[in-house]
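Summary of the model geometry
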Amino acid sequence: MINMEVLKQKADAKGLNFSALERRADLGNGVIARWATSSPSLTSIQKVAAVLECNIDDLIIKEAV
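Residues numbered from 1 in each chain as written. Predicted model: local features only at pLDDT ≥ 70, side-chain atom pairs only at ≥ 80, totals over all residues. Heavy atoms only, no water.

**Focus: the overall build of the protein**
- The number of helices and strands found in the protein is five helices and zero strands.
- For the protein, the N- to C-terminal ordering of α and β elements is α-α-α-α-α.
- Against the 2.2 N^0.38 benchmark of 11 Å for 65 residues, the protein shows a C-alpha radius of gyration of 11 Å, consistent with a compact globule.
- The principal-axis extent of the C-alpha atoms belonging to the protein is close to 35 × 20 × 20 Å.
- Looking at the protein residue by residue over its 65 residues, the buried ones come to 34%.
- Long-range pairs, those at least 24 residues apart, make up 53% of the contacts in the protein with a sequence separation of at least 6.
- If you sum the accessible surface of the protein, you get close to 4,200 Å²; carbon and sulfur atoms cover 48% of it.
- Computed over 8 positive and 8 negative side-chain charges, the separation of the two mean positions in the protein equals 6 Å. (Helix = DSSP H or I, 4+ residues; strand = E, 2+ residues; numbered from the N terminus. Rg over C-alpha atoms; globule rule 2.2 N^0.38 Å. Buried < 20%, exposed > 50% of the residue type's maximum accessible area, 1.4 Å probe, protein only. Contact = heavy atoms within 4.5 Å. Areas by Shrake-Rupley, 256 points an atom, 1.4 Å probe, with all protein chains shown as cover. Lys, Arg positive; Asp, Glu negative; His and termini not counted. Charge placed at Lys NZ, Arg CZ, Asp CG, Glu CD.)

This is the structure:
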């Protein structure tokens, strides 16, 4: 699952709201907001991480094993 708080912080640091981030990552409207309740595809996470210039690991919640 995506850490929405970290995602928002990273987007804010780039001066992007979720709508602008979705456009730059070539995602549909409202896709990122839905990540709060559903799991995104790996491709979508990769696109967002590329725009935010971060690693995918930075955006996901790590679960204890």
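**Section: helix α4 (residues 42-52)**
- Of the positions making up α4, those classed as buried are Ser44, Ile45, Val48, Ala49, Val51 and Leu52. For α4, the angular spread of the buried residues around the axis is 160°, confining them to a single face. The exposed residues of α4 that point more than 90 degrees off its buried face are Leu42 and Ala50.
- Contacts made by the buried residues of α4 are with α1 (4-13), α2 (18-24), α3 (31-34) and α5 (56-59).
- Backbone geometry just after α4 places Glu53 at a positive phi near 55°. (Arc of directions from axis to C-beta.)

**Focus on the pattern of salt bridges**
- Tallying each qualifying case throughout the model produces two salt bridges.
- In this structure, Asp12 engages Lys8 in a salt bridge whose closest nitrogen and oxygen atoms are separated by 3.2 Å. With Asp12 and Lys8 both in helix α1, this residue pair falls four residues apart, about one helical turn. (Salt bridge = Lys/Arg side-chain N within 4 Å of Asp/Glu carboxyl O.)

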